Structure formats: C-alpha cells, structure tokens
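In case you want the letters, here they are:
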Amino acid sequence: MRHPLVTAMLATTMHRMSGGRFALGLERGFDMLFDVMGLSRVTEAQLDDFIGIMRRLWRGEAVVGHDGPAGSHPYLSQDPAFREDIPIMLVAMGERTLEFAGRVADGVVLHTFFTDRTLARAVSSIRRGAAAAGRDPASVRVWSVLATVGDHLDEEARLRKLVGRLATYLQGYGDLLVRVNEWDPADLVRFRADDLVDGYPGAFDALATPDELRHLAGLLPEHWLEAAATGSPERCARRVLAQFDAGADSVVLHGAPPPPATALWPATA
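Think of each chain on its own: its residues are numbered from 1, step by step along the sequence as written. In keeping with the predicted nature of the model, local features appear solely for residues at pLDDT of at least 70, side-chain atom pairs appear and are counted solely at 80 or more, and the whole-chain, interface and lining totals rest on all residues. The basis for every side-chain value is the complete set of heavy atoms in the structure, and neither hydrogens nor water enter the calculation.

A.B. asks: Residues and numbers for unusual backbone geometry, please.
C.D. replies: Both trends apply: most residues other than glycine have a negative phi, and most peptide bonds are in trans. Located in the positive-phi region is F113, a residue other than glycine, with phi close to 70 degrees. Even without being glycine, E182 reaches a positive phi, approximately 60 degrees. Here E182 shows up in the loop between helix 6 (155-181) and helix 7 (185-193). Secondary structure elements follow DSSP: runs of H or I of four or more residues count as helices, runs of E of two or more count as strands, with numbering from the N terminus.

Here you go:
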C-alpha cells in the first residue's frame with residue numbers, strides 16, 4: 001500500500017488542478033494477484049484505517065503517533081489550512097466488500113458484466129452497509145459499469161470488446177464473477193479446460209486473433225454475454241435505463257457506445 005502522505009499529497013494536487021473534480025479510487029485487488037507477487041493481501045481493516053488517515057490529512061489535521069492496520073506513522077501532516085473535500089471511491093464485487101464500501105466510502109464502482117439482478121443485490125448490500133454504520137444510504141453514490149458494444153462496430157471490434165473482454169476477466173477472477181452473478185460454475189470449468197484458454201499467454205482482448213475470438217464466443221454461454229449492452233442505439237439505451245431501474249445512481253459505459261451519444265436515448269426516455 002502506498003505511503004499515506006504521498007497519496008494524500010497527490011490527491012490534493014489532482015483535486016486542485018481539476019477544480020475539485022478529483023476522486024480517489026481504491027480497491028482491495030484480488031488475493032491471487034498478491035499471492036503470485038509475494039505481497040501481503042490488503043485487508044478491509046487496512047483500507048478502513050488508510051481512508052481515515054486520508055480524510056484527516058485532507059482536513060488539515062496532523063496524524064501523530066499512529067499505529068494501526070495501515071502502518072505505524074510517527075507524524076504525518078499537510079498544510080493545517082487545508083480543507084479538501086475529496087470523495088473516496090471504492091471498487092467492490094463481493095457482498096462483504098460491498099457492505100464495507102457502504103460503511104466507509106463516498107461512492108462505489110461496480111464491475112463490468114454484472115447482471116441486472118446482481119446489480120440490484122449489490123446496491124442493496126451497499127445501502128445496508130451504510131445504514132449499519134449510521135449513514136444515509138442514499139449518500140453513497142453507486143456507479144454501474146456497463147459493457148456497451150454498439151452494432152456500429154465491425155465484427156472483430158465487437159468480438160474483442162465483448163467476448164475478448166469477458167474472457168479476459170474470466171482468466172483472472174472468473175470464480176468471483178461467476179459466483180456473484182449466480183452463473184453455473186461448471187460452465188467456467190469447461191471454458192478454462194478448452195485447449196485455447198488453458199495456458200493462453202496473455203489477455204484475450206489484447207492478443208486474440210479474429211478466429212480465436214470466434215472460438216471463444218462459442219465457449220461462453222449466451223446469457224453471460226447478455227449482461228452487456230449490445231446492438232442498436234435503442235437497444236443499448238434500454239439496457240442503460242435498466243441499470244437505473246436496478247438502483248444505480250450513475251452508469252459508466254465501458255466499451256464503444258453507438259455515436260452520437262444522444263442517439264442512445266429514445267424519444268420516450
């Protein structure tokens with residue numbers, strides 16, 4: 001974890017340079033990634049402690065004799081005149097982390113390829129965590145991230161941004177994504193056992209050939225891909241609106257939405 005004073009100073013600089021539009025995004029990461037790098041896993045206690053230090057430094061407070069999960073720090077301070085209001089955004093997927101985010105964060109960024117049911121459950125977990133901490137549940141802004149791949153793209157681009165991207169996520173943390181979406185884990189086992197997938201030397205969305213992408217498309221259950229927004233502008237718009245119906249406060253369009261942006265919205269929206 002980066003030294004808290006370095007992070008606080010970087011955030012303060014970015015916040016002022018952007019005219020107050022900066023938010024500090026944090027995530028725990030994935031245990032497997034830390035394990036292969038030989039690093040200690042990041043815990044919720046560390047994140048909670050780290051966030052507390054950030055907010056104190058941004059308020060111009062001095063942190064003296066701190067000894068907690070985020071480390072031992074004899075003395076930390078910025079300018080005592082600082083009164084920075086910098087939001088903390090937390091990326092979360094699992095129920096426990098979502099509830100934790102509701103307790104400590106100003107906003108939560110969800111993951112791409114969440115089904116609408118998963119999105120609704122995630123929002124409920126965040127609101128529940130906020131309420132348990134005595135916070136206004138509505139004060140925590142929830143950002144859905146929707147894979148959006150319009151039909152204005154050619155076949156290869158659509159496959160790369162949709163099939164290739166989902167396949168890449170499944171390479172790294174497919175077990176978690178399958179679990180939170182309540183998908184059949186047997187489908188993931190079959191996907192990983194495929195000769196192309198097993199031992200592939202990199203990320204599919206970056207390296208796969210068109211033929212490999214077509215092969216991957218045949219491995220993925222169709223309803224997994226339906227978690228994305230695809231097709232015409234009107235169809236993409238309906239999927240975006242469904243994110244709000246499921247409880248999201250904002251939607252990040254991750255991919256390549258149809259141009260122009262106004263075409264996403266039907267006349268009835």
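After that view, the rundown keeps rolling.
A.B. asks: Describe helix 4 (residues 95-104), and please don't skip the residues or the numbers.
C.D. replies: We call a residue buried when its accessible area falls under 20% of the maximum for its residue type, exposed when it is over 50%, and partly exposed in between, using a 1.4 Å probe and counting protein chains only. By the burial criterion, the buried members of helix 4 are T97, L98, F100, A101, G102 and V104. Tucked into the core, helix 4 has its buried residues touching helix 3 (44-58), strand 4 (88-91), strand 5 (107-109) and helix 5 (116-132). Here, two residues are considered to be in contact whenever any of their heavy atoms come within 4.5 Å of each other.

A.B. asks: Could you give an account of the packing of helix 6 against helix 9 (residues 210-219), naming the residues involved and the relevant values?
C.D. replies: Axis lines are fitted to C-alpha atoms, over the contacting stretch for helices. Their N-to-C directions set the angle, which ranges from 0 to 180 degrees. Running from amino to carboxyl end, helix 6 crosses helix 9 at an angle of 55 degrees, the nearest separation of the two axes being 9 Å. It follows that helix 6 is oblique to helix 9 by the angle criterion. In the crossing of helix 6 with helix 9, the sense of the turn from one axis to the other is left-handed. Taking contact as the criterion, the partners of E155, E156, L159, R160, V163, G164 and A167 in helix 6 are, on helix 9, P210, L213, R214, L216 and A217. The cut-offs work like this: below 35 degrees is roughly parallel, past 145 is roughly antiparallel, 65 to 115 is roughly perpendicular, and the gaps in between are oblique. Handedness of a crossing is defined here by the sense of rotation of the near helix relative to the far one, left-handed for an anticlockwise turn of less than a right angle and right-handed for a clockwise turn.

A.B. asks: Kindly report on the side chain of T112, identifying the contributing residues and their values.
C.D. replies: With respect to the element layout, T112 can be found in the loop between strand 5 and helix 5. Polar contact is defined as a pair of N or O atoms within 3.5 Å, subject to the rule that within protein one atom must be able to donate a hydrogen and the other to accept it, and that residues adjacent in sequence are counted only when both atoms are side-chain atoms. A distance of 3.1 Å separates the side chain of T112 from the side chain of H254, its partner in a polar contact. Discounting chain neighbours no more than four positions away, the residues touching T112 are V145, L146, A147, Y169, L177 and H254.

A.B. asks: Give a detailed account of the packing of aromatic side chains, specifying residues and quantitative values.
C.D. replies: Stacked, edge-to-face and tilted labels apply to pairs of Phe, Tyr and Trp rings (six-membered ring for Trp) whose centres lie within 6.5 Å, assigned for plane angles under 30 degrees, over 60, and everything in between, in that order. This model, assessed by the stated rule, comprises four aromatic pairs. Ring centres of W183 and W224 lie 4.5 Å apart, and the angle between their planes is 10 degrees; on these two criteria the pair is classed as stacked. On the criterion of sequence distance, the pair formed by W183 in the loop between helix 6 and helix 7 and W224 in helix 10 (residues 222-225) is long-range, its members being 41 residues apart. Note on accessibility: W183 and W224 belong to one class, buried. What links up through ring pairs into an aromatic cluster is the set F113, Y169 and Y173.

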